[in-house]
Amino acid sequence: MMASNKQRPAKLSVYLYIPNIVVSTFGAVLDMVTDRVSTACLLVILSQIYRPSLVFLSLLALDIASHWLQMYSTFLSGKTSHKDVKDSTSWLFRLYYGNRMFMGYCCVSCEILYIILFLISKNHTENLMSVVVESLTQFSPLSLLLALSIFGWSIKQIINVIQMKTAADVCVLYDIDKQHKP
Amino acid sequence: MTKKERPRPEKLSVYLYIPNIVGYMRVLLNCVAFAVCFSNKTLFSLLYFFSFCCDAVDGWCARRFNQVSTFGAVLDMVTDRVSTACLLVVLSQVYRPSLVFLSLLALDIASHWLQMYSTFLAGKSSHKDVKDSTSWLFRLYYGNRIFMCYCCVSCEVLYIILLLIAKNQTENLVNVVVSTLTQISPLSLLLALTIFGWSMKQTVNIIQMKTAADVCVLYDIEKQQKKP
């Protein structure tokens, strides 16, 4: 009991780091979870507004699965020596992870695309294809923004898919490594 | 280069482990289930529930055939999370207020994410006793496998029941639940039992988030204390 009494003030002070200027594990996890949950909720709302809702259901599935696998493989990589799995032969992968601005553009594009789709819907059950095509063919500033964000979004989703395969490989190699060690 | 060549055949063999094949089947079942969930609720329920049962099968296969793999465990976990998330999305479309299911989705993702993170960190620190929480509910849940199973199964069964008993596209959740409970039928009993198990699971999820967050914080504190 004495040990936990001594630690208690220290624990509270980490929770009260504002605004996590000091890097903490809890802060990083809180960040990650907030991202995942907020994107998930936005996709749920979009799945209610647009038809077919299967589109946004699939995007939700891809988002959760790819980030989950990615996190798991990051933890496992920290324990194995096979960190070179990420040096994939995929030029897209290397471009994405090599260039911070490109990565930033892709991630921001996703969020902006979802927000735009939410804002331009007038009725409660819109046909997704109709709305997108209509907005693109308007040739307005909105069309340009929509086109740019769709491009960035598609790159991000492709990366997500590649990521799942790469992360799965890390999981498999982790077991194989463990078996080879005496 | 030769180092990479050698593991490759072994890599494929892990992907082809029997429990992992069961895992792929589960993913396929869920894909088909959600493709028909709006047009054929009964078929969806059967496929979803069958996939849920396969969850137990692949664990059994892994132990029986000595084919336990990290990839298999992760595939299992991800399939669980995604299928539950999708079911909650569908329910949020069928019931009002949809915020209820949105919140359950948020809680499910957040609690399991934090839990997994803290499991990894706990493996690195000496503070594994964080889980010895003063919460009696926590100890009951983790101490008793059957109780844990009852709570988990209750969640899935409750969600499937709610989907099946919805007649229109925008039902009022409280009305439907209350009217079904007051019918005093076998369904009422099943609903009551699942609601109880489900509430236990959600309570544990909340406690888990706090416990996991503590592990993250303690991990940093220990790291700092270890510094020379």
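Shown above is the structure to which this text applies.
Owing to the predicted nature of the structure, the values given are computational and were not obtained by experimental measurement.

**A few points about the packing of aromatic side chains**
Any two aromatic rings considered together are summarised by their centre-to-centre distance and by the angle between their planes. Within the structure shown, the criterion is met by 17 aromatic pairs over all chains. Ring pairs connect the aromatic residues Tyr72 and Phe75 of chain A together with Tyr117 and Phe120 of chain B, which therefore count as one cluster. When the ring centre of Phe65 of chain B is taken as reference, the NZ or CZ atom of Arg64 of chain B above it lies at 5.6 Å.

**A short note on helix H9 (residues 173–181) of chain B**
Residues and elements named next belong to chain B. Within the span of H9, buried status applies to Leu173, Val176, Val177 and Thr180. With its buried residues spanning 95 degrees around the axis, H9 presents them on a single face. Set apart from the buried face of H9 by more than 90 degrees, the exposed residues are Val174 and Asn175. The elements touched by buried residues of H9 are strand E1 (95–96), helix H6 (99–122), helix H8 (145–165), strand E2 (171–172) and helix H10 (186–226). N-cap assignment for H9: the residue whose side-chain oxygen lies 3.2 Å from the backbone N of Val174 is Asn172.

**Here we look at the nonpolar core**
Ranked by internal contacts, the top residues of the largest apolar core, which has 102 residues, are Tyr50 and Leu117 of chain A together with Phe34, Phe44, Leu87, Tyr95 and Leu162 of chain B. With 14 residues, the single largest contributor to this core is H6 of chain B. Not counting residues within four places of it along the chain, the set of residues in contact with Leu162 of chain B comprises Leu91, Tyr95, Phe101, Leu173 and Val177 of chain B.

**So, the pattern of salt bridges**
Under the counting rule described, the total for this entry stands at eight salt bridges over all chains. The closest approach of N and O atoms between Lys11 of chain B and Asp169 of chain A, which form a salt bridge, is 3.3 Å. Remark: Asp169 of chain A occurs in helix H7 (residues 141–180) and Lys11 of chain B occurs in helix H2 (residues 7–15); the pair is interchain, linking two chains. Assigned by exposure class, Lys11 of chain B and Asp169 of chain A land together as buried. Linking Asp214 of chain B and Lys210 of chain B is a salt bridge whose minimum nitrogen-to-oxygen distance equals 3.1 Å. Residue Asp214 of chain B and its partner Lys210 of chain B are located together in helix H10, separated by four residues, close to a single helical turn. Judged by relative accessible area, which is 9%, Asp214 of chain B ranks as buried.

**Examining the interface of chain A and chain B**
Accessible area lost when the parts come together is the quantity often used to give the size of an interface. Taken together, the contact pairs 47 residues of chain A with 49 residues of chain B. Interface of chain A and chain B: buried area, both sides summed, is about 4,700 Å²; carbon and sulfur atoms make up 76% of it. Three residues stand out in chain A for area buried against chain B, namely Trp68, Tyr72 and Phe75 of chain A, and they jointly supply 16% of the buried area on that side. Summed over the shared surface of chain A and chain B, the result is one salt bridge. The interface formed by chain A and chain B holds seven residue pairs in polar contact (both at pLDDT 80 or more) in total.

**Topic: the packing of helix H3 (residues 18–35) of chain B against helix H4 (residues 41–64) of chain B**
All names here are of chain B. Running from N to C, H3 and H4 cross one another at 170 degrees; their axes reach a closest spacing of 9 Å. The orientation of H3 relative to H4 falls into the category roughly antiparallel. In this structure, H3 uses Ile18, Pro19, Val22, Gly23, Met25, Arg26, Leu29, Asn30, Val32, Ala33 and Phe34 to contact H4, whose residues at the interface are Phe44, Leu47, Tyr48, Phe50, Ser51, Cys54, Asp55, Val57, Asp58, Cys61 and Ala62. When its residues are assigned to classes, the contact of H3 with H4 shows 16 nonpolar, three polar and three charged.

Procedures and definitions
Residues numbered from 1 in each chain as written. Chains lettered and ligands numbered in written order. Predicted model: local features only at pLDDT ≥ 70, side-chain atom pairs only at ≥ 80, totals over all residues. Heavy atoms only, no water. Phe/Tyr/Trp six-rings, centres within 6.5 Å; stacked < 30°, edge-to-face > 60°. Lys NZ or Arg CZ within 6 Å of the ring centre and 35° of its normal. Buried < 20%, exposed > 50% of the residue type's maximum accessible area, 1.4 Å probe, protein only. Helix = DSSP H or I, 4+ residues; strand = E, 2+ residues; numbered from the N terminus. Arc of directions from axis to C-beta. Contact = heavy atoms within 4.5 Å. Polar contact = N/O pair within 3.5 Å; in protein donor to acceptor, adjacent residues only side chain to side chain. Core = buried A, V, L, I, M, F, W, Y, C linked by side-chain atoms within 4.5 Å. Salt bridge = Lys/Arg side-chain N within 4 Å of Asp/Glu carboxyl O. Buried area = accessible area lost by both parts, 1.4 Å probe. Axes fitted to C-alpha atoms, helices over the stretch in contact; angles between N-to-C directions. Parallel < 35°, antiparallel > 145°, perpendicular 65-115°, else oblique. Nonpolar A, V, L, I, M, F, W, Y, C, P; charged D, E, K, R; others polar.

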